[in-house]
Amino acid sequence: MNIACPHCFTINRIPEGKSHKAGKCGKCKSALHTTHPVNLTEQNFQQYIANTDLPIVVDFWAEWCGPCKMMGPVFSRLAERSEKALFAKVDTEQCQRISAQFNIRSIPTLIVFKSGKEINRLSGALPEVQLEQWINQNI
């Protein structure tokens, strides 16, 4: 399984049958699994999404958005508990090209990616239980 390092974005191979949670990056020696969402930018978005075999749940948000601020802590708590998916955030104000590429029209919008392809999306904030159910159904 391939996983892009959330720190230096180098692609790392995890042997079959091994957990990514204990893995360290071969280049920067940082942990491959984080318990918080990775902040993606226009410079690293494609490399992280396309080169990671695990599902990645991406939160497209903005600082000025009330529902985004409300859902941010919920999204972070789910990232802490998740073992089957990785979590990332994209600031739509800073990454307008990515937002346009994925046709983000309302925020927050969550997109689940698997091997670089969009699997499903959800627009709007949800309570923690429903958000966790939606994520589990899509990973």
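Since the structure is predicted, the reported quantities are computational estimates derived from the model, not experimental observations.

Moving on: the side chain of N44. Looking at the element boundaries, N44 is found in the loop between β3 (38-40) and α1 (45-50). Of note is the side chain of N44, whose polar atom sits 2.7 Å from the backbone nitrogen of T41. Each residue touching N44, except ones within four places of it in the same chain, is listed here: F9 and N39.

As a general point, the strands of a sheet are linked pairwise by backbone hydrogen bonds and lie either parallel or antiparallel. Spatially, five strands are ordered β3-β5-β4-β6-β7 in an open sheet, and the strand pairing comes out mixed. Among the strands making up the open sheet, the edge pair consists of β3 and β7 (117-123). Averaged over all neighbouring strand pairs, the angle between strand axes comes to 25 degrees, with direction disregarded. Alignment of strand β4 (residues 56-61) against strand β5 (residues 86-91), held across six bridges, turns out to be parallel. Residue pairing across strands places V58 opposite A88, the latter belonging to β5. Each of β4, β5, β6 (109-114) and β7 is contacted by helix α4 (residues 128-138), which is oriented at about 160 degrees to β7, the strand it contacts most.

Next up on the list: α4. Within α4, burial applies to L131, W134, I135 and N138. Here the buried residues of α4 occupy an arc of 95 degrees about the axis, which is enough to place them on one side. Seen from the buried face of α4, the exposed residues on the opposite side, beyond 90 degrees, are V129 and Q137. Its buried side turned inward, α4 meets β4, α2 (66-81), β5, β6 and β7.

Moving on, we come to the pairing of β5. Within β5, six of the six residues are buried, which leaves the element mostly enclosed by the surrounding structure. Side-chain alternation along β5 places L86, A88 and V90 on one buried face and F87, K89 and D91 on a second face that is also buried. Sheet topology places β3 next to β5; three bridges connect them, and they run parallel. Paired with L40 across the strands is V90, a residue of β5. This β-α-β element, β4 to α2 to β5, shows right-handed connectivity.

What counts as what
Per chain, the residues get numbers from 1 upward, laid out in the order the sequence is written. Given that this is a predicted model, residues contribute local features only at a pLDDT of at least 70 and side-chain atom pairs are listed and counted only at 80 or more, while totals for whole chains, interfaces and linings are drawn from all residues. In computing side-chain properties, one takes all heavy atoms of the structure into account and sets aside hydrogens as well as water. The way it works is that DSSP assigns letters per residue, a run of H or I at least four long becomes a helix, a run of E at least two long becomes a strand, and they are numbered from the N terminus. We define a polar contact as two N or O atoms separated by no more than 3.5 Å, with the added condition that, inside protein, one atom must be a possible hydrogen donor and the other a possible acceptor, whereas residues neighbouring each other in sequence contribute only through side-chain atom pairs. Contact between two residues is taken to exist if any of their heavy atoms lie within 4.5 Å; hydrogens are not considered. For two strands to be treated as a pair, DSSP must find at least two bridges joining them. As a rule, the C-alpha atoms of each element are fitted with a line to give its axis, helices using only the stretch in contact, and angles between N-to-C directions run from 0 to 180 degrees. We call a residue buried when its accessible area falls under 20% of the maximum for its residue type, exposed when it is over 50%, and partly exposed in between, using a 1.4 Å probe and counting protein chains only. Here the arc refers to the directions that run from the helix axis out to each C-beta atom. Handedness of a crossover is defined as follows: orient the strands so they point away from the viewer, and if the path from the first strand over the helix to the second runs clockwise, the crossover is right-handed.

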